[in-house]
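# Fold and contact review
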Amino acid sequence: MAKWTGADFHIGELKIQAPVVQGGMGIGISMSGLASAVANEGGIGVLSAAGVGVLGGGSGKLCEDRAGLRAEIAKARSLTKGVLGVNIMVALTNFEEMARTAMEEKIDVIFAGAGLPLRLPAFRPEGCKTKLVPIVSSARAADQIARWWLKRYRYIPDAFVVEGPKAGGHLGFHPEQIDDSDYRLEKIIPKVVAAVRPYEQTAGRNIPVIAAGGIFTGEDIYRFLQLGASAVQMATRFVVTEECDADIRFKQAFVDCRDEDIEIIKSPVGMPGRAIRNDFLKSAAEGGKKPKNCPYHCITSCRQEKGAYCITAALVNACRGNLENGFVFIGANGGRVREITTVHKLMEELACQYRETVVHNQVT
């Protein structure tokens, strides 16, 4: 396991030895294989709850997602004793059911984004130890959630993930904000840290802020920790590992990608997203893709009659390597990926870069 020179952090009583949270990636990208490998290296390994029932050959009925999530959590638990989380999008039509299922299975952490998880504590049964961590893109959102949870449920978030505009997948920003320097993650993190501080005093405990979006190296990790973050969330770099649960053709798309291949798309769910340009997306943009029906009814904001394609079907196809009928989400720095590695080697590389940066800054 990599050495991080005192960079461990806590979420409640959970001690995380590496300041790295592996981002939850759906559909099928971060499941038990990847999550358990990251947890074994001292970080937080995260399963994605999106479409988990489809992956095993299910019909797409939402009830199958609960069984699929239970199975993935159990499999991950059999492979690690480390800290495990589940990423559950608030926009899922079965968000409540999936959150309750994750808690019933005693998952360590729930990460909830793609909307404000204002009701999440209501699903938490008495005696439950699962930590609740909203994913936000602004200090305002963090304050709104914390105030509401405290007022309504007498519960304060256990941590926050702050996702900036360089992230892959769906983005919590308007298109014109994505390249606006005022919305850079480096500017958002200190504001969220300041907004969270009064709630730390109220709760009598630390509330870690986790930086996410475009983080690529150990030097990046050091930089965000210096800005007040307790850890970082990384997703793109974990895709190109042997343990990632996606098809090899999905991973190879990252290796082959260059900066000019990355574009911002308009997703059927009504949000901008960052993805690798391909023929499928080109055809969709030109009106050449239309869903014949809505087989999943998975996202509350998705409008079949206006959508260019079914995003669940497209992402499932991509996960299985069928990129002719799907596409790949990627972070802004994905063009820097050059090879497929292992989770162990990646974590060692990040820790080494982090330690070197610590030493360099002590000397200078």
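Residues numbered from 1 in each chain as written. Predicted model: local features only at pLDDT ≥ 70, side-chain atom pairs only at ≥ 80, totals over all residues. Heavy atoms only, no water.

An unreviewed UniProt entry lists the protein chain under the name Probable nitronate monooxygenase, with Caproicibacter fermentans as the source organism.

## Describing the domain arrangement of the protein chain
What counts here: For the domains described, the bounds stem from an automatic or database domain assignment. Should any heavy atoms of two residues lie within 4.5 Å, those residues are counted as being in contact. Throughout, buried area stands for the accessible area (probe radius 1.4 Å) lost by two parts on being put together, summed over both. Identification of polar contacts relies on pairs of N or O atoms within 3.5 Å, with a donor-acceptor requirement for protein atoms, meaning one able to donate a hydrogen and the other able to accept it, and with residues adjacent in sequence counted only if both atoms are side-chain atoms. Only runs of H or I of at least four residues qualify as helices and only runs of E of at least two qualify as strands under DSSP, and these elements are numbered from the N terminus. The nonpolar class holds Ala, Val, Leu, Ile, Met, Phe, Trp, Tyr, Cys and Pro. Asp, Glu, Lys and Arg form the charged class, and all remaining residues, Gly among them, are polar.
Segmenting the protein chain into domains produces domain 1 (7-245 + 338-361) and domain 2 (247-327). Taken together, the 35 residues of domain 1 in the interface contact 28 residues of domain 2. The largest per-residue losses of area from domain 1 upon contact with domain 2 belong to Ile 27, His 170 and Arg 338, which jointly make up 23% of the total buried on that side. One can count nine residue pairs in polar contact (both at pLDDT 80 or more) joining domain 1 with domain 2. Those elements that place two or more of their residues in the side of domain 1 that touches domain 2 are β9 (169-170) and α7 (236-239). Its residues assigned to classes, the side of domain 1 that touches domain 2 shows 18 nonpolar, twelve polar and five charged.

## Focus: the packing of aromatic side chains
Counted only if it meets this: Each pair of aromatic rings taken from Phe, Tyr and Trp, with Trp reduced to its six-membered ring, is defined by centres within 6.5 Å and is described as stacked if the planes are under 30 degrees apart, edge-to-face if over 60, and tilted in the remaining cases. Each residue is placed in one exposure class: buried if its accessible area under a 1.4 Å probe, protein chains only, is under 20% of its type's maximum, exposed if it is over 50%, and partly exposed if it falls in between.
With the rule as written, the count across this model stands at ten aromatic pairs. Ring centres 5.6 Å apart and planes at 50° place the aromatic pair Trp 4 and Tyr 354 in the tilted group. Residue Trp 4 is located in the segment before β1 (9-11), and its partner Tyr 354 is located in helix α11 (residues 343-363); the two are separated by 350 residues in the primary sequence. One exposure class covers both Trp 4 and Tyr 354, and it is buried. Relative to Phe 254, the ring of Phe 250 has its centre 5.7 Å away and its plane inclined at 35°; by these criteria the two rings are tilted. Linking Phe 250 with Phe 254, this pair stays in helix α8 (residues 248-256), spanning four residues, or about one helical turn. Side by side, Phe 250 and Phe 254 carry an identical accessibility label, which is buried. Ring pairing ties together the aromatic residues Phe 280, Tyr 309, Phe 327 and Phe 329, which thus form one cluster.

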